[in-house]
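Here is how the chains run, residue by residue.
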Amino acid sequence: IESSVSFLPLVFSAVVFGPLAAGLVAGLANLVDLYDCRRYPNPYLRVAVYTPVRALTGVAAGLAAGAVGATPDSTFALIFVASLAAATANHFADSAFNVLTLIARGTGSLASYARNVGPYMIVSLPLYVPVVAVLVVGYETYSMWAVTVLLAIGLALHRLLHLLGLALTVSH
């Protein structure tokens, strides 16, 4: 079970641009697996299997955000609700596809998945949803450059936390 910072641009694109853009962003995020050939024994098969699933989770997030009906001149509260709807739909769609994959392979169950991913979901929604809402307001109020700078900072912090986790793992 892996987690990545692609959640931020996926939910951002779902709220701002809709389901098609969110599906495209989610699908393109998986192409990184082709770059990391040493990590996966067959990266082409991995991309062929997981890219459509990720794209569908992006579309689900975009549809949920669209159902809220936030517009560029919406209040922060409505943008926050759209971000929450998109993030929740993303998590539930991703979970459904992952559980079905684990069951089809015979390598896991709903209970084991919930035990492993449940804490992440409980922490990630309250942590990332306000960040996405602020990014959307920054985009609509200022420009894409504001979002680009904030996302770059977020990516750097995510990488820093990842390296810290690796260092702690190695030291123990």
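Predicted model, so just to flag it, every value in this text is computed and none were measured. (Residues numbered from 1 in each chain as written. Predicted model: local features only at pLDDT ≥ 70, side-chain atom pairs only at ≥ 80, totals over all residues. Heavy atoms only, no water.)

Visitor: Even after reading the chapter, I still don't get the nonpolar core, so can you show me in this structure?
Guide: Generally speaking, a soluble globular protein has its nonpolar side chains buried in company with each other. Of all hydrophobic cores here, the largest spans 23 residues; its most connected members are Val-11, Phe-12, Val-15, Ala-86, Ala-87, Val-132 and Val-136. Of all the elements, helix α1 (residues 7-17) adds the most residues to this core, at seven residues. Excluding its chain neighbours within four sequence positions, the residues that come into contact with Val-15 are Ala-65, Ala-82, Ser-83, Ala-86 and Val-136. Residues Leu-102, Tyr-113, Val-117 and Met-121 belong to the second largest nonpolar core, which totals five residues. (Core = buried A, V, L, I, M, F, W, Y, C linked by side-chain atoms within 4.5 Å. Buried < 20%, exposed > 50% of the residue type's maximum accessible area, 1.4 Å probe, protein only. Helix = DSSP H or I, 4+ residues; strand = E, 2+ residues; numbered from the N terminus. Contact = heavy atoms within 4.5 Å.)

Visitor: Can you walk me through the environment of Arg-105 in this structure?
Guide: Considering the arrangement of structural elements, one finds Arg-105 in helix α5 (residues 76-105). For Arg-105, the side chain forms a polar contact with the side chain of Tyr-50, separated by 3.0 Å. (Polar contact = N/O pair within 3.5 Å; in protein donor to acceptor, adjacent residues only side chain to side chain.)

Visitor: Please explain the confidence of the model for the protein chain as it appears in this structure.
Guide: Caution is warranted with low-pLDDT regions, since their predicted coordinates should not be read in detail. When pLDDT is averaged across the protein chain, the result is 85; 95% of the residues are at 70 or more. Mean pLDDT across the elements of the protein chain bottoms out in helix α3 (residues 32-35) (70) and peaks in α5 (93). (pLDDT = per-residue confidence, 0-100.)

Visitor: I would appreciate a short explanation of helix α7 (residues 144-171) in the present structure.
Guide: With 28 residues, α7 extends 40 Å between its outermost C-alpha atoms, agreeing within 8% with the 40 Å of an ideal straight helix rising 1.5 Å per residue. Residues of α7 that are buried: Val-147, Leu-151 and Gly-154. Considering only its buried residues, α7 is in contact with α1 and α6 (110-141). The backbone nitrogen of Trp-145 has a side-chain oxygen 3.1 Å away, supplied by the residue at the start of α7, namely Ser-143. (Expected span 1.5 Å × (residues − 1).)

Visitor: Explanation requested: the side chain of Ser-13 in the structure shown.
Guide: Position of Ser-13 relative to the elements: it lies in helix α1. Judged by its relative accessible area of 4%, Ser-13 is buried. Setting aside anything within four residues of it in sequence, one finds Ser-13 in contact with Gly-18, Ala-21, Ala-22 and Val-25.

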